[in-house]
Amino acid sequence: MTETEDFIVQEPYQPTAEENQAIRELEDKDMGLVAKDWDSGKTYIKKFKKNLRKDMYNKQNKLCAFCRIHVPLACVPMHIEHIVYKDKHPQWMFLPENLCVACPSCNEYKGTTEVLTNSRVKKYPKTSNGFKIIHPLYDNYSDHIELLGDILYKGKTKKGIFTIETCHLYRVELAEERADKKRYAGNKGNIIAELTNLTTLSDKYVDDNKEFIQYVTDIVKEYKRGI
């Protein structure tokens, strides 16, 4: 795992005065914050979301908070991710500490999963212990997840295992994406040996072992043909 992938965000997004005012106006409604407020048409709510996405994308080294794969904005827009689900905990909907960016797949798989260690807590947790999932502001990724051969995700802790299972980091597409990145950057001979070795482990760490083995087989054939 590279230093770029093993980041901790040092500071959440800092809203502008106008953005904070727009958020307070929503909070001060008779019913307080509700889930649909996230899609408010207020100008500065829209700016808050746009600015936060850009800020956190850069602070996260342009990587998804959960799979740590690079997602180019020109091709696929990163989703703003509510670490603690907004429908269950609307009071933290606009809290910068609760917001990061994630790839569409991790965001969709995570869905409405409860990630708080104590779902009845009144104040937003300020430490790693408050969350069952890896939190980009509080956790070193490598403390919880090991990347076997820089390709397969292996949980090292309960939090790492929870993150892998919740975001489906065992999906074969992630393994192939990481393998593609590695094969274009390194020594061909070593990569073939490493990938072949990983096929002896992949039945434990990918959701479609046959597809991964076929992927590796095809790469070996390409190299033998000099592609």
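Quantities reported herein were computed from a predicted structural model and do not represent experimental measurements.

Overall, the coordinates contain seven aromatic pairs when judged by the stated rule. A centroid spacing of 5.4 Å and a plane angle of 55° characterise the contact between tyrosine 124 and phenylalanine 131, whose relative ring orientation is tilted. Its relative accessible area of 3% is what places phenylalanine 131 among the buried residues. Summarising the aromatic geometry, the rings of phenylalanine 131 and tyrosine 138 are spaced 5.9 Å apart at their centres and angled 35° between planes, so their arrangement reads as tilted. Cluster of aromatic residues (ring-pair linked, three or more members): Tyr13, Trp38, Phe48 and Phe94. Stacked on the ring of phenylalanine 7, the Lys or Arg arginine 68 has its end atom at 3.8 Å from the ring centre.

A few words now on the side chain of serine 128. Within the fold, serine 128 resides in the loop between α3 (104–110) and α4 (141–144). Only 2.7 Å separates the side chain of serine 128 from the side chain of lysine 159, close enough to count as a polar contact. Discounting residues that sit within four places of it in the chain, serine 128 has contacts with Tyr138, Asp139 and Lys159.

Our focus in this paragraph is helix α5 (residues 158–167). The element α5 is extensively covered by neighbouring structure, given that seven of its 10 residues are classed as buried. For α5, the full list of buried residues reads Lys159, Gly160, Phe162, Thr163, Ile164, Thr166 and Cys167. Tucked inside the fold, the buried residues of α5 contact α3, α4, β3 (145–148) and β4 (152–155). Histidine 168 occupies a position one or two residues after α5 and carries a positive phi of about 55°.

Let us now look at the pairing of β3. Within a regular strand, side chains alternate between the sheet's two faces. As defined by bridge partners, β3 adjoins β4 across four bridges and the pair is classed as antiparallel. Its bridge partner being in β4, isoleucine 145 is matched across the sheet by glycine 155. Counted between consecutive antiparallel strands, the loop separating β3 from β4 contains three residues, among which glycine 149 sits at a positive phi close to 65°.

Quick look at the environment of valine 115 now. Its location among the elements puts valine 115 in the loop between α3 and α4. Between the C-alpha atom of valine 115 and that of lysine 132, which follows or precedes it by 17 residues, the distance is 5.1 Å. The contact partners of valine 115, leaving out residues within four places of it in the chain, are Ile83, Val84, Lys110, Gly130, Phe131, Lys132, Ile133 and Phe162.

This brings us to the confidence of the model for the protein. Scored by pLDDT, the protein has a mean of 92; 96% of the residues are at 70 or more. The lowest-confidence element of the protein is helix α7 (residues 188–198), averaging 79 in pLDDT; the highest-confidence one is α5, averaging 98.

To continue, consider the state of the cysteines. Disulfide: a covalent bond connecting the sulfur atoms of a pair of cysteines. With the rule as written, the count across this model stands at zero disulfides. Here cysteine 167 is not cross-linked by a disulfide; its sulfur's nearest cysteine counterpart is in cysteine 106, at 4.8 Å. For cysteine 167, a relative accessible area of 0% puts it in the buried group.

Time to look at the side chain of serine 40. Its place among the elements puts serine 40 in the loop between α1 (17–27) and α2 (43–59). Dropping the residues within four chain positions of it, serine 40 is found in contact with Leu26, Ile45 and Lys46.

So, how was this worked out
- Numbers given to residues run from 1 along each chain, matching the order in which its sequence is written.
- Local features in a predicted model are, by the rule used here, given only for residues with pLDDT of at least 70; side-chain atom pairs are given and counted only at 80 or more, and totals for whole chains, interfaces and linings are based on all residues.
- Side-chain metrics in this entry use all non-hydrogen atoms of the structure; hydrogen atoms and water are not considered.
- By convention, a stacked pair of Phe, Tyr or Trp rings (six-membered ring in the case of Trp) has centres within 6.5 Å and planes under 30 degrees apart, an edge-to-face pair has planes over 60 apart, and any other such pair is tilted.
- In this scheme, a residue with accessible area under 20% of its type's maximum is buried, one over 50% is exposed, and one in between is partly exposed, where area comes from a 1.4 Å probe on protein chains only.
- Geometrically, a charge over a ring is one whose NZ (Lys) or CZ (Arg) sits within 6 Å of the ring centre while staying within 35 degrees of the ring normal.
- In this text, helices come from DSSP runs of H or I with a minimum length of four residues, and strands from runs of E with a minimum of two, each type numbered from the N-terminal end.
- Any pair of nitrogen or oxygen atoms within 3.5 Å is treated as a polar contact; in protein, a donor-acceptor pairing is required on top of that, and neighbouring residues in sequence qualify only through side-chain atoms on both sides.
- Whether two residues touch is decided by their heavy atoms; if any such pair falls within 4.5 Å, the residues are in contact.
- Two strands pair if DSSP finds at least two bridges between them.
- pLDDT is a per-residue confidence score from the predictor, ranging from 0 to 100.
- Two cysteine sulfur atoms form a disulfide, by the criterion used here, when they sit within 2.5 Å.

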